[in-house]
Amino acid sequence: MERLDLADRSTVAAFVAAWQGPLHIPGNNAGVVAPPELVRTADGRELQFAVNHRSGGAATHGSPPSPGTPL
């Protein structure tokens, strides 16, 4: 079991670095819905955007893909 906090990019990077073996079925379905107030991640991103749209892809691909890079 590894620590993975999708609101903290450093834990996403550490999770990816520690992963061994293939990733057969990624489960990119984490979500934050309507926090009652503006919450920011450690790197300053809005929490809902960071968790719902950035972290799952970063966890699956190791880093956000560059434009034009096939998935």
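None of these values were measured; they are calculated from a predicted model.

(A) Molecular detail of helix α1 (residues 9-18). Turning to α1, its buried residues are T11, V12 and F15. The arc that holds every buried residue of α1, seen down its axis, measures 105°, which confines them to one face.

(B) Spatial organisation of the environment of S55. Looking at the element boundaries, S55 is found in helix α2 (residues 47-61). The buried category is assigned to S55, whose relative accessible area is 1%. A sequence separation of 50 residues divides S55 from D5, and the C-alpha atoms of the two residues are 9.0 Å apart. Beyond its immediate chain neighbours, meaning those up to four positions away, S55 contacts L6, V12 and A50.

(C) Unusual backbone geometry, seen in detail. In this structure, A34 takes a positive phi of about 45° despite not being glycine. The residue A34 is located in the loop between α1 and α2 in this model. We classify A34 as exposed; its relative accessible area is 56%.

(D) Layout of the environment of L6. Locating L6 in the fold gives a position in the segment before α1. Along the backbone, L6 and L47 are 41 residues apart, and their C-alpha atoms lie at a distance of 9.3 Å. When near neighbours in sequence (up to four residues on either side) are disregarded, L6 contacts V12, A30, A50, V51 and S55.

What counts and what doesn't
Residues numbered from 1 in each chain as written. Predicted model: local features only at pLDDT ≥ 70, side-chain atom pairs only at ≥ 80, totals over all residues. Heavy atoms only, no water. Buried < 20%, exposed > 50% of the residue type's maximum accessible area, 1.4 Å probe, protein only. Helix = DSSP H or I, 4+ residues; strand = E, 2+ residues; numbered from the N terminus. Arc of directions from axis to C-beta. Contact = heavy atoms within 4.5 Å.

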